[in-house]
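# Examining the three-dimensional arrangement
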Amino acid sequence: MSSLDVQPQAQAQTLAQPEVKTAAQPQVQTLAQPGPAADLKADAFQAAPQQGQGIVAGGCYQPPRPFPLPFPLPEPMPLPHPMPIPFPPQPMPRRDLSADQATAKLDQQPGPISGQDMAKAIKQGTEDLDNSSAGAEYKQFSDWAAKNQGKLSPEAQEVMKVYEKYATGAQAQGQTGMDAATYDKMCKEMTKVGATDVSAQKAIDGLSKGDGKISGEDMTKAIEQGTKDLDGHSATNEHDQFAKFAKQNPDRLSPEAKQVMDIYNKYANAAKANGQTGIPQDQYQKMLGEMKNVKTYQDVSMGNALDKLNHTKGPVSGQEMLNAIKTGSQDLDGHAAGSELQDTLAWARDNASRLSPDARKMVLIYAKYATQALVQGQTGISQADYQQMLAEMKQALRPPPPRFVVA
């Protein structure tokens, strides 16, 4: 028998199996109804699944099981963010032409920019009456100054402070400009500040703190402090400021201080005669040498202590006088009864109106012990006597004990 003859028979048996098994199953009898419907056959789509071929009820195949991939699935890409709605660009603030021209001239100048040049530039850049002196024009000058701090002299910085004061005052009132009266006042103040040398003014302010006589040493120190900045103004602005102070305070200048000012006048006038705004360096050092030879005090330590009293205002208290005597005479140089005493007595004579009663007591106690040492042929006070002198001074400053009256 050939294989072709066997296959049809196997197929016939396979197809015939459902009919036999369906007729023999008790479920068909349960579903059968009385009457002709009992001969109906089961629907082929409701038949039991054929396990061998993987067919489920309804004639559908089971979906195949997924096999794992040898690599992970890629992560899904995030959705792009929505683009912002484009807005038209903000218009650039309109710059003030006059202020730009003024700052451009300052850029062309070598540093440092003087206070007078700064005041002149601000006036040129703001005098156009466009009502922007406290608005756009001020902002442009302020930005320029912030970028050129190293190029500004101390005087130019002071001028900018004046401009800032007036501009912010106008802004506080909701204004972008200044009225004519305020603007003129600002320009005058800037001109004055620009012509005032900062270093010289600082030294003069130190002299103005007190009410005492200004010694030659103190005047020399102030002039050196106010003119050593090498800004080329020692014969002009700086000299004018010291000369003005001396003219306004003649009663406060000691003879030595007046002599120092005479020396300064001589060298400054010589420089001006040569067309110079500053005193040449060799002449400047020569001038300081002459000034330092003019001395009010014989002893340096006592002179420094007494000059501190000159820097105070009002009457000199007993404690201040005690501190000055102690500071000026405790250096153990053997001059407490000599030059240091002479300096103290001369200072007390020149400042007699400023001495309080307690301060006078301190001077008298000092003179008593120093005189005792001089009688013994000594220029210094022995340590035992010196400590006894200080103790007596402190005792004199103590308030008297309360007195009780017995009824």
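In this text the structure is predicted, and so the values were computed from the model without any measurement.

Within the chain one finds 17 helices and zero strands. Per-residue burial for the chain yields a buried fraction of 34% across its 407 residues. The long-range fraction of contacts in the chain, counting pairs at least 24 apart against all pairs at least 6 apart in sequence, stands at 72%. Surface summary for the chain: the accessible area is close to 26,500 Å², and the carbon and sulfur share equals 58%.

In this structure, the second largest pocket occupies an estimated 380 Å³ of space. Lining the second largest pocket are 15 residues; nearest its centre among them are Arg94, Arg95, Asp96, Ala136 and Gln140. Of all elements in the fold, only helix H3 (97-108) and helix H5 (136-147) reach the threshold of two or more residues within the lining of the second largest pocket. Partitioned by chemical class, the residues of the lining of the second largest pocket number four nonpolar, three polar and eight charged.

Before going further, it helps to examine the packing of aromatic side chains. Scanning the entire structure with this criterion turns up three aromatic pairs. Ring geometry for Tyr138 and Tyr163: centres 5.2 Å apart, planes at 85°, overall edge-to-face. Residue Tyr138 is located in helix H5, and its partner Tyr163 is located in helix H6 (residues 154-172); the two are separated by 25 residues in the primary sequence. When the ring of Phe141 is compared with that of Tyr163, the centres are 6.1 Å apart and the planes differ by 70°; the resulting orientation is edge-to-face. Remark: Tyr163 occurs in helix H6 and Phe141 occurs in helix H5; sequence separation between them is 22 residues. Here Phe141 falls in the buried class, since its relative accessible area comes to 0%.

Here we come to the packing of helix H9 (residues 216-227) against helix H10 (residues 237-248). In contact at an axis separation of 10 Å, H9 and H10 are set at 150° when each is read in the N-to-C sense. Judged by the inter-axis angle, H9 sits roughly antiparallel to H10. Considering how the two elements wind past one another, H9 and H10 form a crossing that is right-handed. Where H9 approaches H10, its residues Met219, Ala222, Ile223, Gly226 and Thr227 are matched on the opposing element by Glu238, Phe242 and Phe245. Of the residues contributing to the contact of H9 with H10, the split by class is five nonpolar, two polar and one charged.

Moving on, we get to the confidence of the model for the chain. The predicted model of the chain averages 84 in pLDDT, with 82% of residues at 70 or higher. Segment residues 1-34 is flagged for pLDDT under 50; beyond a separation of four residues in sequence, or across chains, it makes six contacts in the model.

The next point concerns the nonpolar core. The biggest cluster of nonpolar side chains holds 30 residues, and the ones touching the most others in it are Met321, Trp347, Tyr366, Ile381, Met389 and Met393. At the level of secondary structure, the elements contributing two or more residues to this core comprise helix H13 (300-310), helix H14 (318-329), helix H15 (339-350), helix H16 (357-375) and helix H17 (383-397). Ranked by the residues each element gives to this core, the list is headed by H16, at nine residues. Ignoring anything within four residues of it in the chain, the contact list for Ile381 reads Ala336, Ala337, Tyr366, Tyr369, Ala370, Ala373, Tyr386 and Met389.

To continue, consider the packing of H3 against H5. Interaxial distance between H3 and H5 falls to 9 Å at its minimum, and their mutual angle equals 20°. Considering the angle they form, H3 stands roughly parallel to H5. Every pair of crossing elements has a handedness; the one defined by H3 and H5 is right-handed. Residues Ser98, Ala99, Asp100, Ala102, Thr103, Leu106 and Asp107 of H3 touch H5, and the partners they reach there are Glu137, Gln140, Phe141 and Trp144. Along the lines of polarity and charge, the residues of the contact of H3 with H5 split into five nonpolar, three polar and three charged.

Scanning the model with the defined rule gives 10 salt bridges in all. Where Lys139 meets Asp143, a salt bridge forms, and the shortest distance between an N and an O atom there is 2.8 Å. Taken as a pair, Lys139 and Asp143 lie in helix H5 at a separation of four residues, close to a single helical turn. On the accessibility criterion, Asp143 (33% relative accessible area) is partly exposed. Among the salt bridges present, the one from Lys161 reaches Glu158, with a minimum N-O distance of 3.4 Å. Of this pair, Lys161 and Glu158 both sit in helix H6, three residues apart, roughly one helical turn. On the basis of relative accessibility, which here comes to 29%, the residue Glu158 falls in the partly exposed class.

Calculation notes
- Residues numbered from 1 in each chain as written.
- Predicted model: local features only at pLDDT ≥ 70, side-chain atom pairs only at ≥ 80, totals over all residues.
- Heavy atoms only, no water.
- Helix = DSSP H or I, 4+ residues; strand = E, 2+ residues; numbered from the N terminus.
- Buried < 20%, exposed > 50% of the residue type's maximum accessible area, 1.4 Å probe, protein only.
- Contact = heavy atoms within 4.5 Å.
- Areas by Shrake-Rupley, 256 points an atom, 1.4 Å probe, with all protein chains shown as cover.
- 1 Å grid on protein atoms, 1.4 Å probe; cavity = no way out; pocket = protein on both sides within 12 Å on 5 of 7 lines; lining within 4 Å.
- Points joined across faces, edges and corners; volume = space filled by probe spheres on them.
- Nonpolar A, V, L, I, M, F, W, Y, C, P; charged D, E, K, R; others polar.
- Phe/Tyr/Trp six-rings, centres within 6.5 Å; stacked < 30°, edge-to-face > 60°.
- Axes fitted to C-alpha atoms, helices over the stretch in contact; angles between N-to-C directions.
- Parallel < 35°, antiparallel > 145°, perpendicular 65-115°, else oblique.
- Left-handed = near helix turned anticlockwise from the far one by under 90°.
- pLDDT = per-residue confidence, 0-100.
- Core = buried A, V, L, I, M, F, W, Y, C linked by side-chain atoms within 4.5 Å.
- Salt bridge = Lys/Arg side-chain N within 4 Å of Asp/Glu carboxyl O.

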